[in-house]
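# Descriptive structure summary
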Amino acid sequence: MSSIRAIVVDPDVAGRLAIREVAAPEPGPGQALIQVEAVSLNRGEVMRAMTAEAGWRPGWDLAGTVIQQAADGTGPQVGSRVVGMPMPVSGAWAEQVAVPTHALAVLPDGVTFAQAATLPVAGLTALRALEKGGLLLNKRVLITGSTGGVGLFAHQLARQSGAYVVGTSRQARNAGLVREAGADEVVVGEDLEPARAYGPYHLVIESLGGQALASALTLIAPGGTCVSLGWSVSPEVTIDLSKANATGGVNLYGLRMYIELRQRAAAEDLAWLAQQVAAQKLRTPIEVEASWHDVADIAQRLLQRQFTGKAVLHLG
């Protein structure tokens, strides 16, 4: 049986992540085989890797080259530069990955593998979250977790949609980064109460959980929506319904990408995002680039919030 190298969980090494030999992938009828050139890290997969069983393979985002077209003749041809995600499982952090053609998009000229690798989870999440607000022209949008990959993409896309965008930054030194991404106003600190002065909001994209989510629900205009993406601060929240329901008609939408992508495939949206990058209408917020041999160190830096935006690893 042939083998490849992949990043796996190894509880016996520092950082719990190491490159090991694994069985080479065997693509199914609707899967193309990709030679991976770059991957990016997401907080969710890194956090799971810290507790996952030995041998578990993380990785949702990849970019590379098709070395075997899907057996059913669908999807990109051999030699195509692509971006994708190995749905419905993980395991993108490997030399070769079998990817469903419905989760693959061909890259336009000028878009690098590193840029493309940031798009699947962070880019798609930002895009799908903004869609929950419908038409955003001249509407007010609040985005928490603004300095992460999803937040920085969401700011840019919200600004393109004609929204008035308010962002957040825990630290004052990152306020400029949020404004550069498209925020009209930036609230500094963990308390969302100052954001009330710029509301109420047609759409809130909330990724912190805890008190931030409770506060966000009191800032929404009648008929508005709060999209909850996660809980990077706390999964537990106490909601004062007398405040959350004060305006009436407030919607809370829990967005989980693995469910969203069952309802609508990733390929078309990935292609659009890549085209926006090619047209220089969307900046990929890469803050760290390194070799995949440095994965354990980069993963720890991500968990400790030592950088904003995205981290990309190059294979080789």
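Here we take up the packing of aromatic side chains. Per the stated rule, a full pass over the model turns up 0 aromatic pairs. The side chain of Arg81 reaches across the aromatic face of Phe113, ending 4.9 Å from its centre. The ring of Tyr164 is capped by Arg140, whose NZ or CZ atom sits 4.2 Å from the centre of that ring.

Here we take up the packing of helix H3 (residues 119-131) against helix H4 (residues 149-160). Contact pair H3 / H4: the axes reach a minimum separation of 8 Å and the direction vectors enclose 45 degrees. With respect to H4, the element H3 is oriented oblique. For the pair H3 and H4, the crossing hand works out as right-handed. Note on element contacts: H4 touches H3 through Gly149, Val150, Phe153, Ala154, Leu157 and Ala158, opposite Leu119, Ala122, Gly123, Thr125, Ala126, Leu127 and Leu130. Among the residues making up the contact of H3 with H4, the classes are represented as 10 nonpolar, 3 polar and no charged.

Below, the discussion takes up the pairing of strand S14 (residues 286-291). Pairing geometry for S14 and strand S15 (residues 310-314), over 5 bridges, is parallel. Residue pairing across strands places Ser291 opposite His314, the latter belonging to S15. Considered for its hand, the β-α-β crossover made up of S14, helix H10 (residues 295-303) and S15 is right-handed.

About the cut-offs
Residues numbered from 1 in each chain as written. Predicted model: local features only at pLDDT ≥ 70, side-chain atom pairs only at ≥ 80, totals over all residues. Heavy atoms only, no water. Phe/Tyr/Trp six-rings, centres within 6.5 Å; stacked < 30°, edge-to-face > 60°. Lys NZ or Arg CZ within 6 Å of the ring centre and 35° of its normal. Axes fitted to C-alpha atoms, helices over the stretch in contact; angles between N-to-C directions. Helix = DSSP H or I, 4+ residues; strand = E, 2+ residues; numbered from the N terminus. Parallel < 35°, antiparallel > 145°, perpendicular 65-115°, else oblique. Left-handed = near helix turned anticlockwise from the far one by under 90°. Contact = heavy atoms within 4.5 Å. Nonpolar A, V, L, I, M, F, W, Y, C, P; charged D, E, K, R; others polar. Pairing = 2+ DSSP bridges. Right-handed = clockwise from strand over helix to strand, strands pointing away.

The values are spatial; any link to function lies outside them.
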